[in-house]
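Single-letter residue listing:
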Amino acid sequence: MTDSVARTAEIAGAGFAGLTAATALAQRGWRVRVHERGEQLRAEGAGIVLWGNSLRVLDDLGVTPDLRANAMVPPHYETRMNNRIVSQEALEGIRWSTQTRPHLFQVLLTAAREAGVEVIAGSTVTGATPDGTVTFGDGSRATADLVIGADGVGSAVRDSLGIPFARERARDGITRFLVPRRKDELAALEPDTDWDNVIDFWNDDEIGLRVLYTPCNDDELYIALMAAAADPRGSRVPIDLDLWTSTFPQLAPVLKDAAAIAGKYYGYQTSRLDHWTRGRVAVIGDAAHAMCPALAQGAGCAMTNAFTLAEAVTAASVDGLPEALEEWERVERPLTDRTQTRSQWYADTRSMREGGQFVDDSVEMALYDPTDPRRHEEQYA
Ligand code: 3HM
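The rules behind these values
Residues numbered from 1 in each chain as written. Predicted model: local features only at pLDDT ≥ 70, side-chain atom pairs only at ≥ 80, totals over all residues. Heavy atoms only, no water. Phe/Tyr/Trp six-rings, centres within 6.5 Å; stacked < 30°, edge-to-face > 60°. Helix = DSSP H or I, 4+ residues; strand = E, 2+ residues; numbered from the N terminus. Buried < 20%, exposed > 50% of the residue type's maximum accessible area, 1.4 Å probe, protein only. Lys NZ or Arg CZ within 6 Å of the ring centre and 35° of its normal. 1 Å grid on protein atoms, 1.4 Å probe; cavity = no way out; pocket = protein on both sides within 12 Å on 5 of 7 lines; lining within 4 Å. Points joined across faces, edges and corners; volume = space filled by probe spheres on them. Nonpolar A, V, L, I, M, F, W, Y, C, P; charged D, E, K, R; others polar. Pairing = 2+ DSSP bridges. Axes fitted to C-alpha atoms, helices over the stretch in contact; angles between N-to-C directions. Contact = heavy atoms within 4.5 Å. Near = heavy atom within 4 Å. Polar contact = N/O pair within 3.5 Å; in protein donor to acceptor, adjacent residues only side chain to side chain. Areas by Shrake-Rupley, 256 points an atom, 1.4 Å probe, with all protein chains shown as cover. Core = buried A, V, L, I, M, F, W, Y, C linked by side-chain atoms within 4.5 Å. Salt bridge = Lys/Arg side-chain N within 4 Å of Asp/Glu carboxyl O.

**Quick look at the packing of aromatic side chains**
Point 1. All chains considered together, the criterion is met by eight aromatic pairs.
Point 2. Relative to Trp-96, the ring of Trp-51 lies with its centre 5.6 Å away and its plane at 15 degrees, an arrangement referred to as stacked. With Trp-51 in strand S3 (residues 47–51) and Trp-96 in strand S6 (residues 96–100), this residue pair connects regions lying 45 residues apart in the sequence. Neither residue differs from the other here; Trp-51 and Trp-96 are each classed as buried.
Point 3. Above the ring of Phe-165, the side-chain terminus of Arg-158 is found at 4.1 Å from the ring centroid.
Point 4. The ring of Tyr-266 carries the charged tip of Lys-264 above its face, separated from the ring centre by 4.5 Å.

**Quick word on the layout of surface pockets**
Point 1. Looking at the second largest pocket, its volume works out to about 180 Å³.
Point 2. As for the second largest pocket, its lining consists of Glu-44, Gly-45, Ala-46, Arg-176, Phe-177, Leu-178, Ile-261, Gly-263, Lys-264 and Tyr-266.
Point 3. Ranked by residue count, the leading element in the lining of the second largest pocket is strand S12 (residues 165–180), at three residues.
Point 4. Of the residues contributing to the lining of the second largest pocket, the split by class is five nonpolar, two polar and three charged.

**A few points about the sheet that holds strand S5 (residues 84–89)**
Across a sheet, strands are paired by hydrogen bonds formed along the backbone, either parallel or antiparallel in direction.
Point 1. The strand order across the open sheet formed by seven strands is S5-S4-S13-S14-S15-S12-S16, and the pairing between neighbours is mixed. Of all the strands in the sheet, the pair left with one neighbour each is S5 and strand S16 (265–273). Taken over all neighbouring pairs, the strand axes of this sheet differ in orientation by 25 degrees on average, direction set aside.
Point 2. The sheet contact formed by strand S14 (residues 210–215) and strand S15 (residues 220–228) spans six bridges and is antiparallel. Bridge pairing in S15 places Tyr-213 opposite Ile-223.
Point 3. Those strands touched by helix H11 (residues 321–349) are S12 and S16, and its axis lies near 145 degrees from that of S16.

**Observations regarding the pairing of strand S4 (residues 77–81)**
Point 1. The element S4 is extensively covered by neighbouring structure, given that five of its five residues are classed as buried.
Point 2. Going residue by residue along S4, you find Tyr-77, Thr-79 and Met-81 tucked away on one face and Glu-78 and Arg-80 tucked away on the opposite face as well.
Point 3. Of the pairings in the sheet, the one linking S4 to S5 comprises five bridges and is antiparallel in character. Pairing of Thr-79 across the sheet is with Ser-87, part of S5.
Point 4. Turn length for the S4-S5 hairpin, with the two strands adjacent in sequence and antiparallel, is two residues, and the turn residue Asn-82 shows positive phi of about 50 degrees.

**Concerning the sheet that holds strand S9 (residues 133–136)**
Point 1. Pairing in this open sheet of three strands is antiparallel, and the strands run S8-S9-S10 from one edge to the other. Of all the strands in the sheet, the pair left with one neighbour each is strand S8 (125–129) and strand S10 (141–143). Averaged over all pairs of adjacent strands, the angle between their axes in this sheet comes to 20 degrees, without regard to strand direction.
Point 2. By the bridge criterion, four bridges tie S8 to S9 in an arrangement that is antiparallel. Along S9, the bridge assignment pairs Gly-127 with Thr-135.

**Let's talk about the site of the ligand**
Point 1. In the region of the ligand, the neighbouring residues are Val-49, Ile-174, Arg-210, Leu-212, Tyr-222, Tyr-268, Pro-293, Ala-294, Ala-296 and Met-352.
Point 2. One nitrogen or oxygen atom from the side chain of Arg-210 is found 2.8 Å from an oxygen atom belonging to the ligand.
Point 3. About the coverage of the ligand: the protein hides 94% of its 300 Å² of free accessible area.
Point 4. Per-class residue counts for the shell around the ligand are nine nonpolar, no polar and one charged.

**Re the nonpolar core**
Point 1. If you look at the biggest cluster of nonpolar residues, it comprises 65 residues, and the most contacted ones within it are Leu-25, Val-32, Leu-58 and Leu-146.
Point 2. If near-sequence neighbours (up to four positions away) are discounted, Leu-58 is found in contact with Leu-50, Val-63, Thr-64, Leu-67, Leu-104, Leu-108 and Met-303.

**Some remarks on the pattern of salt bridges**
Point 1. Within the structure shown, the criterion is met by 23 salt bridges.
Point 2. For Arg-182, the salt bridge is made with Glu-185, and the minimal N-O distance between the two is 3.2 Å.
Point 3. When salt bridges with common partners are traced through the structure, they connect Arg-28, Asp-60 and Glu-311 into a single cluster.

**Comments concerning the side chain of Thr-314**
Point 1. Positionally, Thr-314 belongs in helix H10 (residues 298–315).
Point 2. Residue classification places Thr-314 among the buried residues on the basis of a relative accessible area of 12%.
Point 3. A polar side-chain atom of Thr-314 sits 2.7 Å from the main-chain carbonyl oxygen of Ala-310.

Structure follows, in structure tokens:
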């Protein structure tokens, strides 16, 4: 970027996508404001698995040491059916890490502020126009060279632009909790289990419940309880402790903690937009590509696309920015589309329960390096 006056960006949404885009832009000389409609700046949700693609983005932002300070790399991704081990994948050659969402959020928020981003809580973006005008809930407006809608699955920015999209709901959904590890109690129940592994507990009885057990650090455990939306007992919140402990007795101590939390059941869904950009406005993250969580790539794709967008617009001229956004979508979107399709296929078929799934197409995004300037040369063509 050679302009003497800093270019400006207005971003709707202080989630992982918005904060990643904001930090990458500010680090490249942009003047950036992020608007969060919530009164508090905090992460929703419990734990999160990150893969090589998003970890490389975090490397580039300079936050990897902060992230690692409270994250872990479990020895295996273990899959069980009716408590029998189906596979134990060491994920060799695949970079990954597990952490809590509040930790990732704090790391990104700190990086954004250090880069000079202004993050404004309680500021609701109600829409945007292709010329770079943003409107706010209080009736005020702002204009910028670039507007980003990182405002989630119900994106006001996307809807105000009238971008058509299709939404598909899947059969299953999930309730997520952050609870204490209770290592000693779990070890007492199953001494031979390596409770540092991620363990994907499936069950093939008629109702088909599943618990994904993901340790995030020494003290905190992320558990995700999956059930069909049509299953009133499995999808109930607070959780039906009798149902879940009778199906997964080895997890009783941590299920008890989960039962004390109100919880929210999220139905899996996929949304596909006709376009991710219009003029000077782009949408990223769940606003652009909500996906089933099977590959744990919702936030990962969001951070990947946020980063590549920041690089693409920085390399463009101010006048050429709308075309640069279209070109960014053209080159970056196909991999996200494939990741959505793959994740939805796993959700529809529940075939993760067969284990051994982190191969071939399923790790394409995990192995992608959005920071590699040569990434679109032959191997990804
Ligand atoms: C990390 C992770 N992996 C898979 C799922 C799933 O299939 O629902 C959810 C997750 O949070």
